[in-house]
Structures are given as structure tokens and as C-alpha cells.
Amino acid sequence: MMFDYRLLHPRFGVEVVGADLSRTIDESGCAEILEAFETHSVLLFRGPILDDEQQLAFSRWFGEVQVSFSGNQSGATLFSRQSNIDMETDTLMPPDHRQMKYQEGNRLWHSDSSYRPLGSKCSILSAHETPPSGGDTAFVSLRAAWDGLSDDMKRRCEGLSAMHALSYSRHLTGFSLTPEQEAEAPSALHPLVRVNPVNGRKNLFIGSHASHIDGLPVDEGRRFLGDLLDRATEPAAVYAHAWRDGDVVVWDNRAVLHRATPFDATRHRRLMQRTTIVGEAVLTL
Ligand SMILES: [Fe+2]
């Protein structure tokens, strides 16, 4: 092995020690990183702050980089910017700014782009400016969530599919998409149980974009999804990453949920740059 690995949480996630993403990593190093990604679902790299070209070069090892949603400040580019800083003025945006309101949806447990038909394979988030406290990103493993279900619950999940919609999760925070954004982000149906295409590990596939269960009354499906989400996100299941400038975290959107945690956005700057890798056709058993 070229790198060392340090567990972030007993159930998932590792820090990859010895890999400097600001330098070119050769093919065997990347193969090792890709294998660790499939196994551990969340990878942390510490190092110097990546510039956009370095982040893109690393991201492309994972697959095709997705064009971002237009609601984001960096919309319609290969980057999604997660920040309270106005790109045009370089000043803090007030809490009632539409962009800040849009980002409130990131506080809900979600899988990036699960409202798209192919979803996302993974996200790569690099920390450029971090607040002195708060602003963590919290993660839970949906493999661990699946493993923790009773056989009866597993049987109830098998064969079901959930409808994922950005308009639904944003509605939960009181935010309305424009008609153009609604058209850009149609809903997508995904199986409730997924299988990793490399190692065959099973996981639940849920999150705040999941609006209801196909074929069940909306209220009943929503209650079921809420119950599964509560079980998956119990406190002992959470790894909360406290960011340092230069950190890069890669997470598997097929197998983990994440959410942003609050910080004092009226006083401190936070700038995170995300690339998102296009998903693949979903495998089920
Ligand atoms: Fe996200």
C-alpha cells in the first residue's frame, strides 16, 4: 500500500495519510484511493488548499464531473460553491439573501443530486476558508443503516422505490424553486435498496430529497421514509467532520448521507468548493 489509513468512525470513513492532492498522483496511487473509496465510503485528505484545476484533475479519476445546478452561485459550471460569501462583492451575504435561503436545504440529511435520474457517484469538497467553529459536515453510512435493520424491515424495503425531488426537500425549508429551476431539476425514482457495483455491499438509499414511496399512499410512504431516516441518523451513527483549510473530503453519494451544520454566518467567512461526479445506473438484487 502506498498510503496509510486512519478510521474516522468505527463504521465508515478513513483519513488517507500520505497522499498530497496538490501534486499529481500516479495511476497505482489513484487505484488504491478508488478502492478505499468503494470500501470506506468517505475519504479525508489533509493538505494545501487545492486550486480549481487541481481539484478537477483529482475529481476526474472518479468519473465524469457534473454541471452544477443553476440555483448555486457557481451554477452551470463544473463547480458548486458552498459559501456565505457573495462571489461578486466578496462580502458576507445577509441571512435573507436568496442564495443563503437556498443553502438552508443543505442542513437536511441528503445525497447530492439524488433528484437526478443517475444521481451522483460521489462529491469532492475542498475547504478554502473555514469559520473558527461550527460549519462541520456530518455524515452517516447507509450501509450501516441497512445492516442495522431487522429482517422484517429489510423485507419491507426490498422491491420498493422512492421518488426524489429537489422541490420537495427545498419545500421542507420553506424555499420555492423558480419554474425554470423546477424544469431543470425533475424528480427521479430510485430503488430503496442499492448494491455497490464493485463489492456487492447493500445499502438503503434515502434522504431529504426522497418525497414518497412509489405505489404507496403519500403519507404512508413519507412516514416510512421518515422512520428509516431517524434510524439511519441516530447520534452514534454520525461522523461530523470539523474542517481545516485545505481539507478535501470525498463521499459516496450512493452510500452515505450528509448535512451541513450551522456556524455564525453573519460574522465568519466559509468557502467550500465542490465537484460532483455523475452517477451510474443503479444495481439492485
Ligand atoms: Fe450536499
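Before going into details, it helps to say that this report is about the structure given with it. Given the structure is predicted, the values throughout are model-derived calculations rather than measurements.

## Focus: the overall build of the protein
And then number 1: Within the protein one finds 8 helices and 15 strands.
And then number 2: Expressed along its principal axes, the backbone C-alpha trace of the protein runs to roughly 50 × 50 × 30 Å.
And then number 3: Relative to its full complement of 285 residues, the protein shows a buried share of 41%.
And then number 4: Counted over contacts in the protein with a minimum sequence separation of 6, partners at least 24 positions apart contribute 79%.

## With respect to the pairing of strand S3 (residues 42–45)
Successive side chains on a regular strand alternate, one facing one side of the sheet and the next facing the other.
And then number 1: Of the two faces of S3, both are covered, the one formed by Val42 and Leu44 as well as the one formed by Leu43 and Phe45.
And then number 2: Alignment of strand S2 (residues 14–17) against S3, held across 2 bridges, turns out to be parallel. In the strand pairing of S3, glutamate 15 is matched with leucine 44.
And then number 3: In terms of handedness, the path from S2 via helix H1 (residues 27–40) over to S3 forms a crossover that is right-handed.

## Remarks on unusual backbone geometry
And then number 1: We note that alanine 76 has phi near 65°; this positive angle belongs to a residue other than glycine.
And then number 2: By secondary structure assignment, the location of alanine 76 is in the loop between helix H2 (52–59) and strand S4 (80–83).
And then number 3: Look at alanine 76 and you get exposed, because 10 C-beta atoms sit within 10 Å.

## Some points on H2
Along an α-helix, a turn takes 3.6 residues, which lines up residues three or four apart on a common side.
And then number 1: Among the residues making up H2, those that are buried are Gln55, Phe58 and Ser59. Down the axis of H2, the sector holding all buried residues measures 100°, keeping them to one side.
And then number 2: Close packing links the buried residues of H2 with strand S5 (120–129) and strand S15 (271–278).

## As for the nonpolar core
And then number 1: Counting 50 residues, the largest nonpolar core has Leu43, Leu142, Leu204, Ile206, Ala232 and Val256 as its most contacted members.
And then number 2: With residues near it in sequence (within four places) discarded, leucine 142 still touches Asn203, Leu204, Phe205, Ala232, Ala255, Val256 and Leu257.

## Re H1
And then number 1: If you check H1, its first and last C-alpha atoms are 20 Å apart, about what 14 residues at 1.5 Å a residue would give, namely 20 Å.
And then number 2: Every buried residue of H1 is listed here: Ile33, Phe37 and His40. The buried residues of H1 all sit within an arc of 95° when viewed along its axis, so they share a single face. What points out from H1, more than 90 degrees from its buried face, is the exposed set Glu27 and Ser28.

Calculation notes
- Residues numbered from 1 in each chain as written.
- Predicted model: local features only at pLDDT ≥ 70, side-chain atom pairs only at ≥ 80, totals over all residues.
- Helix = DSSP H or I, 4+ residues; strand = E, 2+ residues; numbered from the N terminus.
- Buried ≥ 20, exposed ≤ 12 C-beta atoms within 10 Å, placed from the backbone.
- Contact = placed C-beta atoms within 7 Å.
- Pairing = 2+ DSSP bridges.
- Right-handed = clockwise from strand over helix to strand, strands pointing away.
- Arc of directions from axis to C-beta.
- Core = buried A, V, L, I, M, F, W, Y, C linked by C-beta atoms within 7 Å.
- Expected span 1.5 Å × (residues − 1).

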